[in-house]
Every structure is written in structure tokens, then in C-alpha cells.
Amino acid sequence: MLSSFFLSVFITILLIILLTCIKKLIINKPKKDISPKNKIIFVTGAAGGFGIEFCKQFLQLGCKVIATDISLSLLEQNLSFLIKQYNNQLKCIEMDVSNLNSILQCKEKVNEILTNEWKRDNVNSNIIDRKNNEESDIVVDNSVVNNNRNYIYALINNAGIANSPKTQLRDGLINYNDEELIDMFNVNTIGPIRIIREFKEFLKYNSQNDISPLQKSSNKEMNENSIILNIASAMGLFSRGFMGFYPTTKHALVGFTTTLQKELVHIGIRVCCVCPGFATTNIINLKPFNEKSLFYKYQQLTVNLAKRLMKNAMTAESVVVKVAQHCFSTNCAKRVIIDRWLIYFIFRFIIIWEALSE
């Protein structure tokens, strides 16, 4: 009797995973129906693995890119091959996402770029006034287009760290100090929240005076309105032990993004939570674990599994290509889990199994 119950539960889980995969691969396939040409993309953490690929991919698609990172010299060094090829389409700005003053200084520079260097050729070229065209539902907020200032089409919160700069050896969560905890949240969670708050004036969205509270945006509006992409992690959907505060901060980012989606949908801004699995970027270079820790022998039990997963890790380029497809699609998914099909299957199984086990 008990064995038949577990068999039925197992079959149910498999069916749920199968249907989810079918939905992801077929029903939610990105339409790629928005032209990327001359769209302005803002990327944080642009000197790292995903960041470099984001800049490369979007520039190749004909976009203009504002790339930011904590070190301008490192940013320019890592993007030197792109600066040579796309000099007029790429701007590099130093910004520490964990520091509000640094974010505000970057904001001033971005405003200068959008207002003067990349300003609109014709303010009214992409705007349809409802009074003059009753057939159109496109209404753009005046705060974005009240002058020649251009706007950010895609704001990509990509910056992230796996360890605090102050951490020398990893340990169990209860053994980290406050500074290490705050460092992780400042970069991985609070940073994206602050950037969206401070840069909202550079985004294009529907006027709140012209839509009802229950109205959602049409596909026509999506062609012009901005999109926010928060790069979280599969570790933000389920947790493995002994990875420091990385899963914790990514869980918080997933929660924030999910809530933000429910609010910004009413003004026509798409918000996408991107959850990559294991990829070959510097984020996986975790610091060594404390051999004197109470948790050391338990952490060692997870090492072999981690090594096997890393052998199947995706390239940063393959992740970014899929993100770009959703970025320029009116049917952009609210949550995009990116990994090899087998790992994607495992992720879904773990999430459902952990939910049933609670």
C-alpha cells in the first residue's frame, strides 16, 4: 500500500516536470519579435563572465551598451576588444553596486550620455499620442520623453559575488560575521534594488494616468517599453548547504523580482528573473572551506557532486544568448531557468521534492 503511494507520487512528479519542460520549450518559446537595433542596454558587472558576453552579444545585435563595473581599468581591459570594434556604441562607467554614492555618480554620467551623446534624433519619432491616434493604445510617460534624452531599453542587474571580499575561508552560515553578511547582500540583493529605484527615470513605461488599475500592456507597447532583467541563480530557487550567503541573497533577489513583476506589469515594464544553473564563470571560484570548521567533514560530502555538475557546466555565451532572446520578445518569460536539459530536469525534481518534504 505504501509502495504504491510513493509510486504514484513519483509518477505525478515526473508528469509535472514533463509538462513544465514542454511549456518551457514549446509554449513559452521566445518570439524574438522586437528589433534590437539601436536599443540602449545598461549592464552591471560587465567585466565578468556573463557581463562580457552580455556586452558582446548586444553589440553584435546592433544595440548600444552602457557597461559598468567596480573597476574602470579592469572593465576597459576586459572589454578592450569590443571598445576597438564598437567604440561609438559602447560606454564604460565605474560603479560599485554596493555603494549608493557610487550608484548616484554613475546615474549622473548615464544622464549625460542619454541627454547629449546618445540623445534622440526626433523626440516624437517613437511616440504615438492617443489624442492624435485613437487606434493606438501606446502612451509613454512624459518623465521619459520631455526632452531629447534617450532611454534605457534593458536594465540588466548582472553584478554578483559568491564570497565577501573579507572572507578568507568559507564556513557554515552561523560562523560568518556581520561584515561578510552585509557585503553579500549589498552586492547581490540591495544593489539591484537601489539601481532600479535610482534609474527608473531612464526607463520608458505607460503613463499611470492613462491606464486602469486592472489593465495590462499590449504587445505594441512592449515593443517600446523598457525591460528589467535581474540575474539571480538556480541557487535562488533551491538551496544547497555550505555555499555561504550566496543562495540566501539569490533567494531574496528572486523574491524581490517576483514581487516587482506584479507591480510593474501595470505600467508596461516587463521584469524577468533569470536563474542560470552551473556556468563557467568566475562566480564558481569559491574560496576554500575552513578545515578546522565543525562543518568541514560534512561539506566534503558535497564536493564530488559539485565537481560532476561543473563538468556539465554551460558556457557564459550560451546563457547570454538565451537571455537576449527573451529580452527582445514581447512574450518574455517572468522566470527563465537556463541550464542543460538534464540539469534543468534535476532542478525541477529537487524543487518539487523539497516542497513535498516540508
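For the structure, see preceding data.
Owing to the predicted nature of the structure, the values given are computational and were not obtained by experimental measurement.

S.K.: What's the story with helix H9 (residues 246–264) in this structure? I'm lost.
M.R.: Each turn of an α-helix holds 3.6 residues, which means side chains three or four residues apart point in the same direction. With 19 residues, H9 should cover 27 Å at 1.5 Å per step; its first-to-last C-alpha distance of 26 Å lies within 8% of that length. Those residues of H9 hidden inside the fold are in contact with helix H7 (178–199), strand S5 (227–231), strand S6 (270–276) and strand S7 (335–338).

S.K.: Even after reading the chapter, I still don't get the packing of aromatic side chains, so can you show me in this structure?
M.R.: Describing an aromatic ring pair means giving the distance of the ring centres and the angle of the ring planes. Summed over all chains, the structure comprises nine aromatic pairs. Judged by centre distance (5.8 Å) and plane angle (75 degrees), the ring pair of Phe 58 and Phe 328 falls under edge-to-face. Of this pair, Phe 58 sits in helix H2 (residues 49–60) while Phe 328 sits in the loop between helix H12 (316–327) and S7, placing them 270 residues apart in sequence. Phe 328 gets classed as buried once you look at its relative accessible area, which sits at 5%. Each member of the aromatic cluster is reached from another via a ring pair, and the members are Phe 54, Phe 58, Tyr 153 and Phe 328. The ring of Tyr 153 has Lys 39 lying over it, and the distance from NZ or CZ to the ring centre is 5.4 Å.

S.K.: What exactly am I supposed to notice about the environment of Leu 237 here?
M.R.: You can see Leu 237 is positioned in the loop between S5 and H9. For Leu 237 and Ile 337, which are 100 residues apart along the polypeptide, the C-alpha to C-alpha distance reads 9.6 Å.

S.K.: It is not clear to me how unusual backbone geometry should be interpreted in this structure. Could you clarify?
M.R.: Across residues other than glycine, the phi torsion is negative in most instances, and most of the peptide bonds are trans. Positive phi values are uncommon outside glycine, yet Lys 32 reaches one of about 55 degrees. Examined against the element boundaries, Lys 32 turns out to sit in the loop between helix H1 (2–27) and strand S1 (40–43). Phi at Phe 242 is positive, roughly 65 degrees, even though this residue is not glycine. If you trace the backbone, Phe 242 turns up in the loop between S5 and H9.

S.K.: So what exactly am I meant to see when it comes to the environment of Ile 156 here?
M.R.: Relative to the assigned elements, Ile 156 resides in strand S4 (residues 154–157). A residue is classified by how much of its surface remains accessible, and Ile 156, at 0% relative accessible area, is buried. Distance from Ile 156 to Ala 46, taken between C-alpha atoms, is 9.9 Å for residues 110 residues apart in sequence. In this structure, Ile 156 is in contact with Ile 41, Phe 42, Val 43, Thr 44, Phe 54, Phe 58, Leu 229 and Ile 231, ignoring residues within four places of it in sequence.

S.K.: Before we go on, may I ask you to explain the pattern of salt bridges in this structure?
M.R.: Where charged atoms from two side chains of opposite charge approach closely, those side chains can pair. Under the criterion given, the structure shown has seven salt bridges. Taking the shortest distance from any N to any O, the salt bridge between Lys 107 and Glu 198 comes out at 3.5 Å. Here Lys 107, found in helix H5 (residues 100–117), pairs with Glu 198, found in helix H7; they are 91 residues apart in sequence, far enough to count as distant. Taken as a pair, Lys 107 and Glu 198 share a single burial class, namely buried. The partner of Lys 107 in a salt bridge is Glu 201, with the nearest N and O atoms 3.2 Å apart. A residue pair is termed long-range when its members are at least 10 positions apart, and Lys 107 in helix H5 and Glu 201 in the loop between H7 and helix H8 (219–222) qualify at 94 residues. Since its relative accessible area comes to 30%, Glu 201 is described here as partly exposed. Here the residues in one salt-bridge network are Lys 107, Arg 149, Arg 197, Glu 198 and Glu 201, joined through shared partners.

The rules behind the values
Sequence positions are assigned chain by chain, starting from 1 and proceeding in written order. A pLDDT threshold of at least 70 governs which residues receive local features in this predicted model, and a stricter bar of 80 or more applies before side-chain atom pairs are shown or counted, although totals over entire chains, interfaces and linings include all residues. Only heavy atoms go into the side-chain values, all of them from the structure, while hydrogens and water stay out. Comment: elements are numbered from the N terminus, with helices defined as DSSP H or I runs of at least four residues and strands as E runs of at least two. The span you would expect from a helix comes to 1.5 Å times its residue count less one. Should any heavy atoms of two residues lie within 4.5 Å, those residues are considered in contact. In this scheme Phe, Tyr and Trp rings, the latter by its six-membered ring, pair at centre separations within 6.5 Å, and the angle between planes marks the pair as stacked below 30 degrees, edge-to-face above 60, and tilted otherwise. Only protein chains enter the area calculation, which uses a 1.4 Å probe; residues under 20% of their type maximum are buried, those over 50% are exposed, and those in between are partly exposed. For a ring to carry a charge above it, either NZ of a lysine or CZ of an arginine must fall within 6 Å of the ring centroid while also lying within 35 degrees of the normal to the ring plane. Salt bridges, as used here, are contacts in which a Lys or Arg side-chain nitrogen is within 4 Å of a carboxyl oxygen on Asp or Glu.

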